[in-house]
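Single-letter residue listing:
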Amino acid sequence: MNKITIGRDCSCNIIIDDPEGRVSRKHATLHVVGGKMILEDHSKNGTLINGKCTNSDSVEIKSGDEILLGTTVRLEWNEIIASIAAKSGNNIAKNGIMGGLMLNGMFNFFDGI
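First things first, this report covers the structure right here in the doc. (Residues numbered from 1 in each chain as written. Predicted model: local features only at pLDDT ≥ 70, side-chain atom pairs only at ≥ 80, totals over all residues. Heavy atoms only, no water.)

1. Things to note about the pairing of strand 4 (residues 36-41)
- Burial analysis of strand 4 places five of its six residues in the buried class, the great majority of the element.
- Relative to strand 4, strand 3 (residues 28-33) is paired through six bridges, and the arrangement is antiparallel. In the sheet register, Ala 28 faces strand 4, and the bridge partner there is Asp 41.
- Taken together, strand 3 and the strand that follows it, strand 4, pair antiparallel across an intervening segment of two residues, in which Gly 34 is found at a positive phi of about 55 degrees.
- Sheet analysis places strand 4 next to strand 7 (residues 58-60), joined by three bridges and oriented antiparallel. Its bridge partner being in strand 7, Ile 38 is matched across the sheet by Glu 60. (Buried < 20%, exposed > 50% of the residue type's maximum accessible area, 1.4 Å probe, protein only. Helix = DSSP H or I, 4+ residues; strand = E, 2+ residues; numbered from the N terminus. Pairing = 2+ DSSP bridges.)

These figures come from the coordinates and say nothing about function on their own.
Pasting the structure below:
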């Protein structure tokens, strides 16, 4: 299964510029399981989803969720979708993702990474 990595490290798919260092080098990963987008937190400083700490658990995320990495860096849903689209070389609109997440299109993105 393909994953999208998030963090400060230059090898991550979504690279976070965080001079304060609250975002870990390899902070979290995203993947699709059972038709749901899952965020796995691997960090020391935590991730908040809609104000709740993930406690290093795997958490389902959806369009409109507020995602804070290291409790200070906001990750926007559109940034996630744009990063996936850029890595796959696909056009977001052609794959059914516009203004939110349609998971059938998302599987195509993960397959292409």
